Amino acid sequence: MTAPSDEVAAKEGVARAPAPARAGSSAAVRDDRGHRLAILAAVIVAFLIPLFARDFLTFQLTQVMVYALAILGLNLLTGFNGQFSLGHSAFYGIGAYTTAIMMSRWGIPYFWTLPAAGAVCFAVGFLFGLPALRLQGLYLALATFALAIAMPQILKFQPLESFTGGVQGLVVDQPDPPFGLPIDADQWLYYFTLAVLLVMFAGAANLVRSRTGRAIMAIRDNPIAAAAMGINTALYKTLTFGVSALYTGIAGALGAIVVQFVAPDSFNFLLSISFLVGLVIGGVGSIPGCLVGGLFVLFVPNIAESVSTGLAGVIYGVILLIVIFVMPAGTAGFARIVFARLLRSPKPEGRSR
Amino acid sequence: MELLLQQVLAGLSTGTIYACMALAVVMIYQAIDHLNFAQGEMAMFSTFIAWQLIQWGLPYWVAFAITVVVSFVAGVLIDRVLFRPIQNAPILSQIVAFIALFSILNSSAGQIWDFTIKSFPTPFGHTALFGSALIDTHEAGMIGVTLGMLGLLYLFFRRTRLGLAMRAAAANPESARLVGIRVGWMTALGWGMAAAIGAVAGMLIAPVVFLEPNMMLGVLLYGFAGAVLGGMTSPGGAVAGGFAVGVIENLAGTFIPYFGRELKLTIALILIVAVLMVRPSGIFGRQAVTRV
């Protein structure tokens with residue numbers, strides 16, 4: 001399964017790979033400054049929201065960030081490396097359970113559990129990436145799907161119950177804000193998640209722009225040419241699997257802390273489908289798009305439910321279809337087209353098309 | 001040995017369900033070149049239509065025929081109305097559109113016919129066969145119909161001009177268009193046929209798993225596993241793969257001690273992945289060769 005090939009920028013990056021990558025034109029520099037301003041504005045808005053919003057909205061937005069992080073993990077694998085996965089619910093579940101077990105069984109503070117969850121998921125993802133090397137498209141989809149089906153069953157598995165809590169799941173205590181900050185626990189979690197999110201997004205953006213990132217995208221665009229250029233495709237593909245699982249695993253760890261509860265059946269195959277929907281709605285191969293994906297995954301099913309309980313699935317499906325019809329390449333692709341039109345509009349009318 | 005034989009027979013009878021679905025999955029894959037996530041829900045919806053017709057007092061075979069025709073037309077319409085406008089969208093977007101269709105069909109079936117479990121009649125009866133309770137006439141009938149459909153499909157694709165045109169349209173749309181094949185209509189035809197086969201599969205499966213809006217989810221997933229195991233390019237392989245999934249699942253549950261029963265689906269899937277390691281395009285699938 002190949003990612004959309006309209007990522008012209010990515011291809012240019014690949015073509016330029018051997019040359020020094022800092023040869024950007026002045027337009028690119030201006031563009032970069034615009035991006036930075038937009039990101040700064042978004043961070044300021046994100047910082048102010050919990051001071052004014054109701055507690056429940058703060059809680060929901062925290063979940064949006066958790067989903068966005070999980071979708072970013074999937075995006076690194078699918079959007080940038082061209083490997084398809086239906087198994088990310090399993091990585092999310094492994095991350096969540098790592099945190100839950102460390103916190104509730106061993107009493108380890110929540111912030112130490114995140115690196116541990118990330119490390120465990122990286123290892124699992126890397127190992128899973130090895131057999132995935134031989135598989136492509138639907139066959140890879142089946143292998144990852146097997147992982148998604150297996151995970152809830154393994155978590156429920158009797159001999160492991162002393163760790164996982166079996167069908168009952170595990171309860172996690174909500175952490176209190178540190179240093180006597182004058183905010184409540186929900187707000188603190190929001191800021192904590194926001195901080196993790198910013199670090200992880202910055203990491204992903206830098207990864208994608210680095211030499212490694214170009215290698216990852218070159219493999220997506222043309223594996224044979226990439227190999228001919230001396231890229232170790234097997235190594236990069238398994239590493240991408242590991243990093244992707246790490247992102248989704250840390251999202252799962254945050255999710256466990258935010259929801260304060262883990263149970264086997266919340267990490268089923270349908271969660272993977274949600275991630276996939278979020279990925280496509282946000283934009284395959286777009287990092288900011290993941291946030292839009294997170295918003296969609298959390299809010300649209302709720303909206304559909306509030307319109308009509310019986311027909312919630314119909315409304316959800318229709319919304320999804322409309323979005324795909326209007327924006328076949330997701331929000332990011334749509335935004336790209338809109339910006340291209342806006343920037344081109346000052347030119348003479350006759351040449352606009 | 002007795003136990004082994006019994007378990008293989010029981011596996012074959014569950015495998016029939018998967019084989020039926022795997023055949024429908026491969027059919028639409030041949031026509032449109034992707035996996036249709038909504039296939040199971042389309043089959044479920046068709047089965048509900050048949051159930052409704054039977055409730056209104058039509059004889060089984062009349063309802064059967066009407067349902068197949070209605071499903072065929074609905075399949076063609078879904079392609080023309082929903083999927084043709086986004087045929088140039090990225091593949092992942094099209095997969096999400098399948099998920100949307102899934103959600104719409106599942107929810108509207110629940111709204112129209114509600115979520116209570118309904119029984120569905122069988123024309124074959126439920127008499128035990130071979131003196132054992134493991135396989136009955138209905139299951140034998142299912143195997144027969146599945147193999148019959150497979151034979152007809154084989155003849156259609158190998159021996160008719162239309163079948164050849166459909167294969168050409170799926171294999172190489174550009175060249176097919178140049179020799180005068182209407183590729184768009186071939187795709188629509190593929191959708192119609194897949195919907196009709198799905199309807200037959202649904203009506204055969206419903207007496208075993210009972211009729212309700214969520215009946216197909218598990219069946220589709222294992223049908224998909226069977227299709228991939230057999231090879232997505234081979235209808236015969238898909239049927240064999242479907243049977244294999246049923247048998248493996250049953251044997252793993254019986255013969256692997258300790259955790260076999262709890263994790264039998266997991267074991268089956270792990271075995272399938274292991275097979276794919278050796279044969280990455282399925283057991284009977286053709287290795288796709290691309291020109292660089």
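Residues numbered from 1 in each chain as written. Chains lettered and ligands numbered in written order. Predicted model: local features only at pLDDT ≥ 70, side-chain atom pairs only at ≥ 80, totals over all residues. Heavy atoms only, no water.

Overview of the overall build of chain B
Thinking step 1. Tallying secondary structure elements over chain B gives eleven helices and two strands in all.
Thinking step 2. Listing each helix as α and each strand as β along chain B from the N terminus yields α-α-α-α-β-β-α-α-α-α-α-α-α.
Thinking step 3. In summary, chain B has a C-alpha radius of gyration of 19 Å against a globular reference of 19 Å for 292 residues, a match within 12%.
Thinking step 4. Across its three principal directions, the C-alpha atoms of chain B cover 60 × 55 × 35 Å.
Thinking step 5. Expressed as a percentage of its 292 residues, the buried residues of chain B come to 57%.
Thinking step 6. Here chain B carries 14 positive and 11 negative side-chain charges, and the mean point of each set is 18 Å from the other. (Helix = DSSP H or I, 4+ residues; strand = E, 2+ residues; numbered from the N terminus. Rg over C-alpha atoms; globule rule 2.2 N^0.38 Å. Buried < 20%, exposed > 50% of the residue type's maximum accessible area, 1.4 Å probe, protein only. Lys, Arg positive; Asp, Glu negative; His and termini not counted. Charge placed at Lys NZ, Arg CZ, Asp CG, Glu CD.)

Looking at a positive patch on the surface
Thinking step 1. Judged by side-chain charge, Arg158, Arg159, Arg167 and Arg286 of chain B come together as a positively charged surface patch.
Thinking step 2. Mapped onto the secondary structure, Arg158 of chain B falls in helix H5 (residues 137-159). (Patch = residues over 30% accessible without salt bridge, like charges linked within 9 Å, V, L, I, M, F, W, Y side chains within 5 Å. Areas by Shrake-Rupley, 256 points an atom, 1.4 Å probe, with all protein chains shown as cover. Salt bridge = Lys/Arg side-chain N within 4 Å of Asp/Glu carboxyl O.)

Concerning the interface of chain A and chain B
Thinking step 1. With 45 residues of chain A in contact, the opposing surface of chain B contributes 45 residues.
Thinking step 2. Among the residues chain A hides against chain B, the three largest losses belong to Leu138, Tyr139 and Leu142 of chain A. Together they make up 18% of the total.
Thinking step 3. One can count zero salt bridges joining chain A with chain B.
Thinking step 4. Counting the contacts that link chain A with chain B gives four residue pairs in polar contact (both at pLDDT 80 or more).
Thinking step 5. Secondary structure elements with two or more residues in the side of chain A that touches chain B: helix H6 (137-156), helix H12 (269-282) and helix H14 (312-326) of chain A.
Thinking step 6. A per-element tally of the side of chain A that touches chain B places H6 of chain A first, with eleven residues.
Thinking step 7. Here the residues of the side of chain A that touches chain B sort into 36 nonpolar, seven polar and two charged. (Contact = heavy atoms within 4.5 Å. Buried area = accessible area lost by both parts, 1.4 Å probe. Polar contact = N/O pair within 3.5 Å; in protein donor to acceptor, adjacent residues only side chain to side chain. Nonpolar A, V, L, I, M, F, W, Y, C, P; charged D, E, K, R; others polar.)

Structural notes on the side chain of His138 of chain B
All names here are of chain B.
Thinking step 1. Summarising the element assignment, His138 is placed in helix H5.
Thinking step 2. A polar side-chain atom of His138 sits 2.6 Å from a polar atom in the side chain of Thr122.
Thinking step 3. Discounting residues that sit within four places of it in the chain, His138 has contacts with Thr122, Phe124, Gly125, His126, Leu204, Pro207 and Val208.

Focus: the confidence of the model for chain B
Residue and element names in this part refer to chain B.
Thinking step 1. When pLDDT is averaged across chain B, the result is 82; 91% of the residues are at 70 or more.
Thinking step 2. Per-element confidence in chain B ranges from a low mean pLDDT of 64 for strand S2 (residues 132-136) to a high of 91 for helix H3 (residues 60-83).
Thinking step 3. Listed scores for the predicted complex are pTM 0.80 and ipTM 0.77. (pLDDT = per-residue confidence, 0-100.)

Examining H14 of chain A
Thinking step 1. In this model H14 of chain A runs 21 Å from its N-terminal to its C-terminal C-alpha over 15 residues, within 8% of the 21 Å that 1.5 Å per residue would give.
Thinking step 2. Looking at H14 of chain A, one finds that the buried residues are Ala312, Gly313, Val314, Tyr316, Gly317, Leu320, Leu321, Val323 and Ile324 of chain A.
Thinking step 3. Its buried side turned inward, H14 of chain A meets H12 and helix H13 (289-307) of chain A together with H3 and helix H4 (91-113) of chain B. (Expected span 1.5 Å × (residues − 1).)

Structural notes on the side chain of Asn250 of chain B
Thinking step 1. Within the fold, Asn250 of chain B resides in helix H10 (residues 235-255).
Thinking step 2. Residues in contact with Asn250 of chain B, not counting those within four places in the same chain, are Gln7, Ala10, Gly11 and Thr14 of chain B.

Observations regarding the packing of H12 of chain A against H13 of chain A
All names here are of chain A.
Thinking step 1. Where H12 contacts H13, the axes come no closer than 7 Å and their chain directions differ by 130 degrees. Compared by their axis directions, H12 and H13 come out oblique. The hand of the H12/H13 crossing is right-handed. Packed against H12, whose contacting residues are Ser274, Val277, Gly278, Ile281 and Gly282, the element H13 presents Gly289, Val292, Gly293, Phe296 and Val297 at the interface.
Thinking step 2. Grouping the amino acids of the contact of H12 with H13 by side-chain chemistry returns five nonpolar, five polar and no charged. (Axes fitted to C-alpha atoms, helices over the stretch in contact; angles between N-to-C directions. Parallel < 35°, antiparallel > 145°, perpendicular 65-115°, else oblique. Left-handed = near helix turned anticlockwise from the far one by under 90°.)

Here we look at the environment of Val76 of chain B
Residues and elements named next belong to chain B.
Thinking step 1. In this fold, Val76 is placed in helix H3.
Thinking step 2. Residue Val76 is classed as buried on the basis of its relative accessible area of 14%.
Thinking step 3. Linking Val76 and Val209, residues 133 residues apart in sequence, is a C-alpha distance of 28 Å.
Thinking step 4. In this view, Val76 contacts Trp185, Ala188 and Gly192; residues no more than four positions away in its chain are not counted.

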